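Chain and residue survey
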Amino acid sequence: MKKLLINRAAHLFFLSMILIVTILTSCNNDDDSNGAPVITAVRNYAPAPNDTLLTSIVPGQWIVIHGKNLKEATQISFNGSPADFDAALFSDETAVLQIPSSLPFNNLDPNVVNTIQYVTNTGTTTFRFNVNAPPATITGNSMNAATMVGDSVYVYGTNLFLIEKLTIAGKEISPLAKADDGSSVGFVLPKIDAPMPWAGEIVAASGIYKFNVLIVPEIFAVSNANPTQGDSIHIYGKNLNGISNFKFGGVAITNFKEAADGTSVKFLAPNMDFPSGPVTIVNSYGTATTAYSINTQKELWLGLLANFEWGDYFGYDWWGDITLASNVGDFNGLMGTNSSQYVYFDSPALDAGASKYAPLGNSNTGNKWMPVANLSDPVENWAIQFEISVARPWNGGTLYFKTAFADESYVARYEPWKIPGSNKTVAYKTAGWQTVTIPLSEFRTKNINLGDGDPVPSLVKLLGPTGAGKYNITLKNFTTSKTATGFYGAIDNIRVVKIK
């Protein structure tokens, strides 16, 4: 009987232990599946031994979050920015994911800076952890010759985050306006008593970045390179302010007016009885000089294709749809006058596909565009340049140039009535004679129409192996409808110039 009682007691104890373990297991499972998430560590996502414990993370990095109750995640955020993740890579104890490659750092709520927020259906946890900004770059700044003390200025770049200090010429600048995406830092320019270039420095959490502020004048174009005395001339460019010295070819210009934004300088042409030469502008920021010369109409020089004066540079074949003339009053105006000989189109509106022809093949003696030695230069270093006067509104009809060597494989189009970046047009008219510069890199193949495809790859492809050859101009309507207007325009002094 005693033995029976002992056996029954042992059996009862065993059943009790099983019941207790079952209850405890059930309680633990309930805690794991229903409890709030817990983060205990972050490791590098890599095979051992490279799965090291991390003390900081960077955008784009793959990591493993360790903890409890991690499986049922609904959102995981770094610095308040949600990350994409694949829940199939999660367990209750680990979560494998990639940090977003782009994270906010500027202008954040202090409560989300350097945090990982983990959200599940059963709760939320916030884990404080160092989130490092990627290295920054500086690409430029908004300062120009027109910038004055008190103006808003911006330094541009990438990843300009967590900036601690910005100095220019050793002077600390504050306050700073930091773009949310790290693309710029803005400030109000104080008075800086230092010669240029100014040394700039940004101290950020990711490092120290140096840059120079050097405002350099540039000349983009001359409105009329061969004017008559008294014509109104504009030099176009940037940072053309505070001019201390100004030469228009071989003569000094002392009476001129600068545009407030530094984009142009206006003056009246002097007596043009001076040698040809470049335009040079000097100010406190530096010197700008054109690569080509102005006042070339009286000179016989290599690269002059046609001046329509009697002699080797005449350039007119005496036939086609153009007229030789001189001193036609219609073509003179405030921007430039011309009493010499030139050619002009007087074309009515063109039907679809119609064209007018200008045979200008007799270029200078030997038909030289440039010396053979320069045929290996980059194509963009050279240009066709000419003076033009459009006496009546011009809208539709393309002037295009072609060389005898390339024929119509490469042509350059001139369409000043087109509005860049749109399909719209606007009637074009000049106030007298103006200079046009078309880089030879604008000679292009045919895509849909002549000259709308790929640029010419080399000068040899355009001019041949000797740099000599004839050329022609055509006025053509490339559209399927009649042009809105005709073209009444004159052209003079066609030449090839080095622009770089």
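Before going into details, it helps to say that this report is about the structure given with it.

1. Quick look at the overall build of the protein chain
- Counting secondary structure elements, the protein chain contains 2 helices and 35 strands.
- For 500 residues, the compact-globule estimate of 2.2 N^0.38 gives 23 Å, and the C-alpha radius of gyration of the protein chain, at 37 Å, exceeds that figure by more than 25%.
- Seen along its three principal axes, the alpha-carbon backbone of the protein chain occupies a region of about 145 × 60 × 45 Å.
- The proportion of buried residues among the 500 residues of the protein chain is 45%.
- The long-range fraction of contacts in the protein chain, counting pairs at least 24 apart against all pairs at least 6 apart in sequence, stands at 67%.
- Total accessible area on the protein chain is roughly 24,500 Å²; 54% of this is exposed by carbon and sulfur atoms.
- Each charge class in the protein chain can be summarised by its mean position, and for the 34 positive and 40 negative side chains these summaries are 2 Å apart.

2. With respect to the environment of Lys210
- Along the chain, Lys210 falls in strand β17 (residues 207–213).
- When the C-alpha positions of Lys210 and Thr137 are compared, they lie 9.5 Å apart, and in sequence the two are 73 residues distant.
- Beyond its immediate sequence surroundings of up to four residues, Lys210 is in contact with Gly200 and Glu201.
- Among the polar contacts made by the side chain of Lys210, one reaches the side chain of Glu201 at a distance of 2.4 Å.

3. With respect to the nonpolar core
- Core analysis: the largest hydrophobic core is formed by 45 residues, its most contacted members being Leu360, Phe386, Trp394, Leu399, Leu440, Phe443 and Ile494.
- Looking at this core element by element, the count peaks at 5 residues for strand β30 (residues 382–390).
- Trp394 has contacts with Leu399, Tyr414, Pro416, Trp417, Val426, Ala427, Tyr428, Leu475, Thr485, Gly486 and Phe487, leaving out every residue within four places of it along the chain.
- Counting residues in each nonpolar core, the second largest holds 24 residues, with Val42, Ile57, Tyr118 and Ala133 among its members.

4. Points about the side chain of Thr115
- As for its position among the elements, Thr115 is in strand β7 (residues 115–120).
- With relative accessibility at 4%, the residue Thr115 sits in the buried group.
- Looking at Thr115, its side chain comes within polar contact range of the main-chain oxygen of Val112, at 2.7 Å.
- Leave out the neighbours within four places in its chain, and Thr115 touches Ser77, Phe78, Asn79, Thr126, Phe127, Arg128, Phe129 and Val131.

5. Let's talk about the sheet that holds strand β18 (residues 218–222)
- Reading across the sheet, the 4 strands line up as β18-β19-β23-β22 and stay open at both edges, with antiparallel pairing between neighbours. Lying at the two open borders of the sheet, with one neighbouring strand each, are β18 and β22 (257–258).
- Looking at chain direction, strand β19 (residues 232–238) and strand β23 (residues 264–268) are connected through 5 bridges and run antiparallel. For Tyr236, the partnering residue across the bridge sits in β23 and is Ser264.

6. Describing unusual backbone geometry
- Omega for the bond connecting Ala48 with Pro49 falls within 30 degrees of zero, at 5°, which places this linkage in the cis form.
- In this fold, Pro49 is placed in the loop between β1 (38–44) and β2 (56–57).
- In the segment running from Ser174 into Pro175, the intervening peptide bond is cis, with an omega of -5°.
- Tracing the backbone through its elements, the reader meets Pro175 in the loop between β13 (171–172) and β14 (177–178).
- For Phe308, which is not glycine, the phi dihedral falls at a positive 60°.
- Tracing the chain through its elements places Phe308 in the loop between β26 (304–306) and β27 (323–326).

7. A look at the sheet that holds strand β12 (residues 163–168)
- With antiparallel pairing, the 4 strands of this open sheet are ordered in space as β13-β12-β16-β17. Of all the strands in the sheet, the pair left with one neighbour each is β13 and β17.
- Relative to β17, strand β16 (residues 198–204) runs antiparallel, the two sharing 7 bridges. When the sheet's bridge partners are listed, Gly200 is paired in β17 with Phe211.

8. Quick word on the environment of Ala306
- Tracing the backbone shows Ala306 in strand β26.
- Once you skip the residues sitting within four places of it in the chain, Ala306 turns out to touch Tyr313, Phe314, Gly315, Tyr471, Asn493 and Ile494.

9. Let's talk about the pairing of strand β31 (residues 398–403)
- By the criterion of burial, β31 is predominantly enclosed, with 6 of the 6 residues buried.
- As paired elements, β31 and strand β32 (residues 411–414) share 4 bridges and run antiparallel to each other. Note on β32: the bridge partner recorded for Leu399 is Tyr414.

10. Focus on the pairing of β23
- Pairing analysis gives 2 bridges linking β22 to β23, with the strands arranged antiparallel. Paired with Lys257 across the bridge in β23 is Lys266.
- Here β22 folds back onto β23 in antiparallel fashion, the turn holding 5 residues, of which Gly262 has a positive phi close to 75°.

11. Details of the side chain of Gln61
- Residue placement: Gln61 occurs in the loop between β2 and β3 (62–68).
- A relative accessible area of 17% places Gln61 in the buried class.
- In terms of polar contacts, Gln61 uses its side chain to reach the backbone amide nitrogen of Val58, at 3.1 Å.
- If we ignore the near neighbours within four places in the chain, the residues touching Gln61 are Asn44, Leu54, Ser56, Leu97, Gln98 and Ile99.

Basis of the calculations
- Residue positions within a chain follow its written sequence, with the count starting from 1.
- Predicted model: local features are reported for residues with pLDDT of at least 70 only, side-chain atom pairs are reported and counted for 80 or more only, and whole-chain, interface and lining totals are derived from all residues.
- Each side-chain value is worked out from all heavy atoms of the structure, with water and hydrogens disregarded.
- To qualify as a helix, a DSSP run of H or I must reach at least 4 residues; to qualify as a strand, a run of E must reach at least 2; elements of each kind are numbered from the N terminus.
- We compute the radius of gyration over the C-alpha atoms and compare it with the globule rule, which gives 2.2 Å times the number of residues raised to the power 0.38.
- We call a residue buried when its accessible area falls under 20% of the maximum for its residue type, exposed when it is over 50%, and partly exposed in between, using a 1.4 Å probe and counting protein chains only.
- Contacts are residue-level and defined by heavy atoms, with any inter-residue pair within 4.5 Å sufficient.
- Surface accessibility in these figures is a Shrake-Rupley result with a 1.4 Å probe; residues are shielded only by whichever protein chains are displayed.
- Charged residues are defined here as Lys and Arg on the positive side and Asp and Glu on the negative side; His and the ends of the chain fall outside this count.
- To locate a charge, the coordinates of NZ of Lys, CZ of Arg, CG of Asp or CD of Glu are taken.
- Polar contacts, as counted here, are pairs of nitrogen or oxygen atoms within 3.5 Å of one another; within protein the pair requires one atom able to donate a hydrogen and one able to accept it, and residues that are adjacent in sequence qualify only if both atoms are side-chain atoms.
- By nonpolar core is meant a set of buried Ala, Val, Leu, Ile, Met, Phe, Trp, Tyr and Cys residues that side-chain atoms within 4.5 Å join together.
- DSSP-based pairing: two strands are paired if at least 2 bridges between them are found.

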